[in-house]
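Report on the structure
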Amino acid sequence: MYHKTTGYRIFSIFNTVMLLGLSLLCIVPLLHVLAVSFSSKSAADANIVGLWPVHFSLEAYKKTIDNPVFLHSIWVSVKRTVLGSVLTLLLAFLAAYPLSKETSIFKSRNIYSWIFVFTMVFSGGLVPFYIVIQKLHLINSFWVLVLPGAVNVYLTILLMNFFRGIPKELEEAAFIDGAGHFRTLFSIFLPVSLPAIATLTLFSVVFHWNSWFDGLLYLNNSKSFPLATFLQTVIVQKDMSSMSIDPKEVALLSQKTVNAAQIFIGALPVLVVYPFLQKYFVKGLVVGAVKE
Amino acid sequence: MNHFKRNWPLHVMILPSLLFLIIFNYLPMAGIVMAFQNFKPWLGLAHSEWVGLENFRTLFERQDSVEVIWNTLIISALKIVLNLVAPFTFALFLNEVRKAFFKRFVQTLVYLPHFLSWVILGGILLDVLSTDGGFLNQILSSWFGIEPIFFLGDNNWFRFTVIVSDVWKEFGFGTIVFLAALSNVNPSLYEAAEVDGASRWKQTIHITLPSMLPIAVVVGTLALGNILNAGFDQIFNLYNPLVYQKGDIIDTFVYRTAILNGEMGLGAAIGLFKSIISMVLIIISYRLAYKLANYRIF
Amino acid sequence: MKAYTKKALTLACSLVLISTIFTGCSSSKEETTSDSGKVTSDTSKNENAYKDKYDPPVTLTTVWGVDPELKFKNEETIENNVATKWAKDTLGVDIKSLWSVTDTNNAFATKLRLAMSSGQEMPDVVTIGDANLAQDLINSGMFQDAGALFDKYASEEWKKAMAQDPNVWNPYTVDGKRMGIPVLDYAYNHDYLLWIRQDWLDKLGLATPKTMDELETIMDAFKNKNPDGLKPDEVIPLSIGFKTTMNTWMGDPSWVFGAYGTIPQQWNKSADGKLEYGSINPAMKQGLQKLTEWFNKGYIPKEAALWDENKTSEPAVAGKAGILPGPYWMSGWPLVDTVKNVKTAVWKPIALPTGPDGKAGRHGTLFTNGVTLIKKDIEHPEALFTYQNYMFKNLANSQPGGVFDNGLFKGYDYDMDANGKALRYDDIPGGYVNSLRYLLVRDGARDPGAQMKALLNLADGKEATTRLEKEVKLNYGLQTPAAAKVLMSQEGIAYPNMYTGPTTSTMKSKMDYLNKIENQTFNEIIYGKQSIEAFDKFVETWKSSGGEQVTTEVNDWYSKLSK
């Protein structure tokens with residue numbers, strides 16, 4: 001067969017080498033950051049760390065983890081990521097189905113889809129948004145991290161396009177069996193679109209896990225910060241020109257190593273999620289299974 | 001009436017999302033009026049002075065406004081195109097890998113740079129691209145005998161550097177959506193093609209490529225919503241006085257003039273300008289896709 | 001059909017919500033005005049309300065922009081900590097926090113503006129560092145003539161500290177009224193000098209450079225005959241950077257221009273008594289020529305245009321730089337780390353070299369770093385003065401044996417060992433936290449001249465007796481007193497930025513562009529992309545593109561001030 005031909009073998013070797021090269025290109029800067037995070041402050045400040053720690057030190061990690069707010073912030077992050085992603089996915093799953101219908105079946109879909117897309121482009125800015133949040137009594141509430149971003153139009157539209165790829169025959173067969181829209185959605189569409197849902201989950205998890213600005217602005221107390229917000233406040237790009245300087249404090253700064261450590265602490269959970277979700281990307285698994 | 005009877009569940013399915021959008025997106029849009037106000041926080045939306053198009057004038061009357069808008073457009077257009085092409089191609093190549101372990105391994109590694117912030121990457125790039133013993137320039141000179149290139153300080157190279165580094169950072173993450181599209185392809189198509197004796201190349205052209213195309217069009221069109229966002233974090237960390245001419249973009253300008261000074265009206269005006277341009281482009285590509293391919297992007 | 005009714009309903013709902021947003025704002029405004037009527041009568045009743053301790057306690061509300069580096073211990077927060085407890089117990093002043101935000105990415109300014117826009121309650125007392133934000137708050141009309149209160153309630157100590165520089169009130173003076181109380185800072189904190197590798201000088205047998213010419217000889221020797229055996233390519237004789245500005249706090253090149261008689265990117269007093277923008281002074285041309293020359297000879301970093309302040313310190317810490325401009329306190333950070341990378345490294349502070357006419361110059365430091373605003377019609381404005389007077393008496397001018405003799409709070413910013421000897425800050429059990437930042441007015445109270453005085457006393461070999469002297473001796477870098485002495489030997493050369501007023505209207509619309517072409521032109525001249533003649537063209541463009549107008553506005557402000 002095709003993968004036995006010489007031409008394809010040569011291609012395969014070339015392909016493997018190229019992919020390995022690209023992977024290396026992506027991992028090297030990270031190794032550097034990792035090395036910095038385990039280096040001493042004096043080495044990092046001198047910028048002499050390459051891909052291996054200089055004067056090995058755990059100070060940066062200690063500094064981040066020792067903070068009593070740290071553990072709690074992880075809990076907040078986990079809560080917001082789980083609740084936020086579940087809500088986002090549920091809403092997207094429900095909305096994508098009707099939007100994926102042809103206009104001949106669902107006349108209003110065009111109006112709806114423009115209502116959705118419009119919000120991707122236009123926004124009223126911070127001030128009125130803040131007022132709405134305030135009127136809803138969401139300031140300083142955990143739910144401010146979950147509710148305002150619950151509808152993710154981008155993900156909804158992606159899912160809608162995946163739904164369109166599902167063979168029409170499946171749906172028609174369900175209708176003939178007397179299933180309504182809800183049953184079709186949950187018993188036919190749901191199992192078939194698992195790869196798509198895995199993708200959406202990943203996007204949503206990454207989004208929630210990394211969001212920090214909402215926490216900073218709408219929560220009034222650092223004790224209720226999610227991890228991303230907390231870490232953002234550990235990174236300091238101090239503008240010394242406008243600060244009142246206390247040389248003692250300056251001496252305690254070690255931005256570089258802490259920044260580096262922060263990246264790993266912050267990204268680790270999402271990095272772990274990815275390989276786990278990858279098993280849903282196995283080609284054709286679901287569609288094939290349903291067809292039989 | 002009959003039509004509705006059959007379709008009411010469809011409306012119900014959309015309703016929750018719609019409510020959220022109305023509350024958290026459409027209600028705050030009242031704030032667009034700020035674009036036409038000399039907004040003062042203590043006067044609020046209702047009492048701030050109306051200034052008509054004054055805020056827009058501030059943007060367009062600068063001697064360098066054409067330059068800045070042009071920079072933004074070029075950088076972001078190239079980013080949009082390459083951030084589509086690179087993951088797309090990469091997904092195709094990755095699709096040819098037969099060993100599942102190797103595939104996942106590569107997939108995971110290339111996805112990592114997405115999690116690095118530009119503050120950190122800016123520092124790394126400064127070292128790697130340095131003309132004074134930077135890694136890349138050392139390779140260029142010792143392997144190819146090329147004079148050191150001032151990637152970050154030369155107007156001819158700056159945009160190139162910005163775009164390539166952005167593509168490097170994001171292509172792995174962007175690949176995910178195409179891999180998902182590929183996993184939606186019915187394997188029986190490949191089986192049938194193989195029985196017909198189609199070469200792998202032919203299969204790629206006729207099965208793999210077309211199955212990824214709709215998603216590519218969708219992703220590309222939605223990316224147009226960012227046509228005037230050339231990547232604030234990246235530019236802000238990389239630009240310097242030597243490359244203002246080719247590297248200063250709308251968002252860095254907004255940061256310096258509106259955000260730091262608390263000029264919220266100006267910020268709103270520029271935001272509105274960006275939104276309108278994006279919307280027009282989205283509408284155009286929506287129409288084109290519908291006319292040419294009879295495909296509704298959304 | 002039903003679907004449309006539903007849609008209409010939601011639309012109606014949203015309209016209602018929109019209208020509540022607007023009415024909500026205006027109604028809250030009315031409330032505040034009606035409130036104020038009541039409160040005024042209260043205040044007049046409490047004419048002589050000032051007390052050293054309030055019983056029952058009085059309340060002051062505030063909001064906090066918490067420095068990201070600020071640490072807490074013992075489960076405390078900015079709302080509730082050793083300092084708030086102390087204030088309530090000792091002074092009967094109950095500090096109530098409306099909200100706090102960790103101040104990164106401009107979050108404090110944004111949040112305060114949002115709070116204002118949405119009609120939230122404003123704090124009774126607030127301390128602000130950001131000049132534009134302070135101006136916004138003053139313009140809002142919600143805050144009162146703090147100067148009058150200051151005259152009435154402030155203690156002699158505080159007034160004396162304030163009088164050290166009469167210019168401190170300028171930024172907050174509107175129509176003759178002093179709308180905010182300046183937060184005093186130690187003088188000279190950002191004034192800089194040159195740090196030089198003394199061990200290199202010694203090995204080369206060279207004397208401390210006094211003039212620009214001598215400095216050049218030394219830079220050449222550092223580069224081409226490096227005592228540590230570094231190749232010329234590896235040495236950065238003078239580490240400076242221009243990424244954002246040519247007038248900054250570390251790796252600053254502005255003294256090169258100072259040697260010819262101007263300081264860029266600030267407003268200097270010119271010979272005719274008017275204010276002039278330093279970057280358009282003809283002396284800039286000579287400075288730029290000098291920098292171009294140094295660039296071509298490899299004395300300054302090849303990528304200086306890409307380097308920000310922190311980057312300039314990297315080669316210094318790595319032991320590859322010979323000279324680094326920066327503040328007197330830099331021996332504590334970052335230079336202290338150099339010996340960890342190069343054992344023999346010794347940094348010494350030296351005075352700025354003089355130009356051909358014997359001139360030298362650097363930018364000066366304002367004596368203030370922020371402002372405290374007091375809301376109109378609050379019940380107990382005098383409580384702020386009770387608090388601050390106490391601080392100025394016991395903290396700013398702490399005497400041996402006083403309450404704050406060793407520091408503010410034991411176990412927080414200082415601690416003693418078993419023998420009653422003060423511990424170094426990194427030896428404090430449970431870690432050092434800067435509890436001075438918990439105080440109502442940031443850093444408590446600082447007497448501008450006190451820090452320098454303490455350092456000079458130490459430099460002269462005096463025993464450390466006062467709190468500041470002890471603290472400096474214990475906690476600051478070894479070379480800090482010597483550096484202070486060097487700094488003060490050139491006290492007269494500082495050019496303070498004379499314009500401290502609000503951003504003028506032309507500045508708002510034009511200044512960003514003017515800064516941009518300035519940075520661009522200067523860097524391109526140094527990098528040889530434009531000839532030095534481009535400077536004259538820049539000056540012309542600067543003037544015609546709004547600079548002239550800005551100069552007029554600045555001088556209008558200045559002339560009103562001097563009256």
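Keep in mind that what you see is a predicted model, and the values were worked out from it rather than measured. (Residues numbered from 1 in each chain as written. Chains lettered and ligands numbered in written order. Predicted model: local features only at pLDDT ≥ 70, side-chain atom pairs only at ≥ 80, totals over all residues. Heavy atoms only, no water.)

**Quick word on the overall build of chain C**
Stated formally: We count a stretch as a helix when DSSP gives it H or I for four or more residues in a row; a strand needs E for two or more, and each element gets its number in order from the N terminus. We call a residue buried when its accessible area falls under 20% of the maximum for its residue type, exposed when it is over 50%, and partly exposed in between, using a 1.4 Å probe and counting protein chains only. Contacts are residue-level and defined by heavy atoms, with any inter-residue pair within 4.5 Å sufficient. Every accessible area reported is derived by Shrake-Rupley at a probe size of 1.4 Å, with residue values counting cover from the shown protein chains alone. Charge convention: Lys and Arg are scored as positive, Asp and Glu as negative, and His as well as the terminal groups of each chain are ignored. A single reference atom marks each charge: NZ on Lys, CZ on Arg, CG on Asp, CD on Glu.
Of regular secondary structure, chain C possesses 18 helices and 15 strands. Structurally, chain C occupies a C-alpha span of about 80 × 75 × 60 Å along its principal axes. Here chain C holds 563 residues, and the buried ones make up 61% of them. Sequence-distant contacts in chain C: of pairs separated by 6 or more residues, those separated by 24 or more amount to 74%. With the model as given, the accessible surface of chain C reaches about 22,200 Å², and the carbon-plus-sulfur share is 52%. Across chain C, the mean location of the 63 positive side-chain charges is 2 Å away from that of the 71 negative side-chain charges.

**Looking at the overall build of chain B**
When helices and strands are tallied, chain B shows 14 helices and 2 strands. Judged by the C-alpha coordinates and their principal axes, chain B covers about 75 × 75 × 30 Å. With 298 residues in all, chain B has 56% of them scored as buried. Restricting the contact set of chain B to residue pairs at least 6 apart, pairs at least 24 apart contribute 64%. For chain B, the exposed surface amounts to about 12,400 Å²; the carbon and sulfur share of it is 68%. One way to put it: in chain B the 20 positive side-chain charges average out to a point 13 Å from where the 19 negative ones average out.

**Some words on the sheet that holds strand S3 (residues 125-128) of chain C**
Residues and elements named next belong to chain C. Cut-off, in case you're wondering: Strand pairing is assigned whenever DSSP identifies at least 2 bridges connecting the two strands. Fitted lines through C-alpha atoms serve as axes, helices being fitted only where they are in contact, and the angles separating the N-to-C directions of these axes extend from 0 to 180 degrees.
Read from one edge to the other, the open sheet built from 3 strands follows the order S3-S14-S6, with strand pairing classed as antiparallel. Bordering the open sheet on either side are S3 and strand S6 (181-184), each of which pairs with just one other strand. In this sheet, neighbouring strand axes are inclined to one another by 30° on average, regardless of whether the strands run parallel or antiparallel.

**Description of the domain arrangement of chain C**
Put simply, an interface is often sized by how much accessible area is lost when its parts join up. Test applied: Domain segmentation is taken from an automatic or database assignment of domains.
In terms of domain boundaries, chain C breaks down into domain 1 (41-185 + 366-448) and domain 2 (192-363). Domain 1 of chain C and domain 2 of chain C are separated by 37 Å when their C-alpha centres are compared.

**Quick notes on the interface of chain B and chain A**
The line we're drawing: Accessible area, probed at 1.4 Å, shrinks when two parts are joined; the buried area is that loss added up over both. Note on definitions: salt bridges are taken to be side-chain nitrogens of Lys or Arg within 4 Å of carboxyl oxygens of Asp or Glu.
If you look at the interface, chain B gives 85 residues, while chain A gives 96 residues. When the two sides are added together, the surface that chain B and chain A hide from each other amounts to roughly 8,400 Å², 75% of it contributed by carbon and sulfur. The largest per-residue losses of area from chain B upon contact with chain A belong to B:Met13, B:Phe24 and B:Phe298, which jointly make up 9% of the total buried on that side. There are 0 salt bridges connecting chain B and chain A.

**Here's the deal with the packing of aromatic side chains**
Basically, it comes down to this: What counts as a ring pair is set by centres within 6.5 Å for rings of Phe, Tyr and Trp (its six-membered ring), and what kind of pair is set by the plane angle: stacked under 30 degrees, edge-to-face over 60, tilted for all other angles.
Counted according to the given criterion, the structure contains 62 aromatic pairs over all chains. Ring geometry for B:Phe236 and B:Tyr239: centres 6.3 Å apart, planes at 40°, overall tilted. Taking relative accessible area as the criterion, B:Phe236 reaches 30% and is therefore assigned partly exposed. Here C:Trp86 and C:Tyr387 contribute two aromatic rings whose centre-to-centre distance is 6.0 Å and whose plane-to-plane angle is 85°, an arrangement assigned as edge-to-face. A residue pair is termed long-range when its members are at least 10 positions apart, and C:Trp86 in helix H2 (residues 82-91) and C:Tyr387 in helix H13 (residues 381-396) qualify at 301 residues. An identical accessibility class is assigned to C:Trp86 and C:Tyr387; each is buried.

**Quick notes on the pattern of salt bridges**
Proximity of charged atoms lets side chains of opposite charge pair with each other. All chains considered together, the criterion is met by 39 salt bridges over all chains. Across the pair A:Asp45 and A:Lys41 runs a salt bridge whose closest N-O atoms are separated by 3.9 Å. Taken together, the positions of A:Asp45 and A:Lys41, both in helix H2 (residues 41-45) and 4 residues apart, correspond to about one turn of that helix. On the accessibility criterion, A:Lys41 (22% relative accessible area) is partly exposed. Residue B:Glu263 pairs with C:Lys508 through a salt bridge whose shortest N-O separation is 3.5 Å. Placement of B:Glu263 in the loop between helix H13 (250-259) and helix H14 (264-293) and of C:Lys508 in helix H17 (residues 505-526) is noted, with the two residues assigned to different chains. Judged by relative accessible area, C:Lys508 falls into the partly exposed class, the value being 31%. Because the salt bridges share partners, they merge into one network encompassing B:Arg62, B:Asp64, B:Asp248, B:Arg256, C:Asp512 and C:Lys516.

**Focus on the environment of C:Asp417**
All names here are of chain C. Under the convention used in this document: What qualifies as a polar contact is a pair of N or O atoms within 3.5 Å, subject to a donor-acceptor requirement within protein and to the restriction that residues adjacent in sequence count only when both atoms come from side chains.
Tracing the chain through its elements places aspartate 417 in the loop between H13 and helix H14 (450-459). With 10 residues separating them in the primary sequence, aspartate 417 and aspartate 427 have C-alpha atoms 9.6 Å apart. Polar contacts involving the side chain of aspartate 417 include one to the main-chain amide nitrogen of lysine 421, which spans 2.8 Å.

**Focus on the sheet that holds strand S12 (residues 347-350) of chain C**
All names here are of chain C. If you walk across this open sheet you meet the 4 strands as S8-S11-S7-S12, and the pairing is mixed. Where the open sheet ends on each side, the last strands, each with one partner, are strand S8 (236-238) and S12. In this sheet, adjacent strand axes meet at a mean angle of 35° when their direction is disregarded. With 5 bridges joining them, strand S7 (residues 192-197) and strand S11 (residues 321-327) adopt antiparallel strand pairing. Across the sheet, the residue bridging to leucine 193 is glycine 326, located in S11.

**Re the UniProt feature "transmembrane region" (unreviewed entry) in chain B**
Residue and element names in this part refer to chain B. Rule in force here: UniProt positions are given in the numbering used here, feature names are shortened, and annotations may be inferred rather than shown by experiment.
Mapped onto this structure's residue numbering, the UniProt feature "transmembrane region" (unreviewed entry) falls at residues 12-36, 68-93, 105-126, 171-190, 211-232 and 266-289. The span residues 105-126 is 73% helix and 0% strand, and its two end C-alpha atoms sit 29 Å from each other. A helix fraction of 64% and a strand fraction of 0% characterise residues 211-232, whose end C-alpha atoms lie 34 Å from each other.

**As for the domain arrangement of chain B**
Residues and elements named next belong to chain B. Rule in force here: Under the scheme applied, nonpolar residues are Ala, Val, Leu, Ile, Met, Phe, Trp, Tyr, Cys and Pro; charged residues are Asp, Glu, Lys and Arg; polar residues are all the others, including Gly.
Each assigned domain of chain B is listed with its residue range as follows: domain 1 (1-52) and domain 2 (63-293). Centre-to-centre, using C-alpha coordinates, domain 1 lies 31 Å away from domain 2. Counting residues at the interface gives 6 residues for domain 1, matched by 5 residues for domain 2. Carbon and sulfur atoms supply 77% of the area buried between domain 1 and domain 2, which totals about 490 Å² over both sides. For the domain 1 face of the interface with domain 2, the top three residues by lost area are Met34, Ala35 and Phe39, together amounting to 62%. On the surface where domain 1 and domain 2 come into contact, there are 0 salt bridges. Between the two partners, domain 1 and domain 2, sit 0 residue pairs in polar contact (both at pLDDT 80 or more). Looking at side-chain class alone, the side of domain 1 that touches domain 2 contains 5 nonpolar, 1 polar and no charged residues.

**So, the side chain of A:Asn220**
With respect to the helices, strands and loops of the structure, A:Asn220 is situated in the loop between helix H11 (213-218) and helix H12 (227-234). Overall, the relative accessible area of 14% leaves A:Asn220 in the buried class. At 2.4 Å, the side chain of A:Asn220 forms a polar contact with the side chain of C:Lys111. Ignoring anything within four residues of it in the chain, the contact list for A:Asn220 reads A:Ile139, A:Asn140, C:Glu79, C:Leu98, C:Trp99, C:Ser100 and C:Lys111.

**Focus: unusual backbone geometry**
All names here are of chain C. Of note, the amide linkage connecting aspartate 55 to proline 56 takes the cis form, showing an omega dihedral of 5°. Position of proline 56 among the secondary structure elements: in the loop between helix H1 (2-45) and strand S1 (58-66). Despite not being glycine, glutamine 265 shows a phi value in the positive range, around 55°. Among the secondary structure elements, glutamine 265 is positioned in the loop between helix H9 (254-258) and strand S9 (267-269). Taking the relative accessible area as the measure of exposure, glutamine 265 reaches 17% and is therefore buried. A positive phi angle, close to 60°, is found at aspartate 377, a residue other than glycine. Residue placement: aspartate 377 occurs in the loop between strand S14 (368-374) and H13. The partly exposed category is assigned to aspartate 377, whose relative accessible area is 30%.

**Describing the packing of helix H1 (residues 6-37) of chain A against helix H5 (residues 100-111) of chain B**
Inclusion rule: Two helices that cross are described as forming a left-handed crossing if the nearer one is turned anticlockwise from the farther one by less than a right angle, and a right-handed crossing if clockwise.
Close contact between H1(A) and H5(B) brings their axes to 8 Å; oriented N to C, the two are set at 35°. Where H1(A) crosses over H5(B), the handedness of that crossing is left-handed. Together, A:Thr16, A:Leu19, A:Leu20, A:Leu22, A:Ser23, A:Cys26 and A:Ile27 of H1(A) and B:Phe102, B:Phe105, B:Val106, B:Leu109 and B:Val110 of H5(B) make up the contact between the two elements. Grouping the amino acids of the contact of H1(A) with H5(B) by side-chain chemistry returns 10 nonpolar, 2 polar and no charged.

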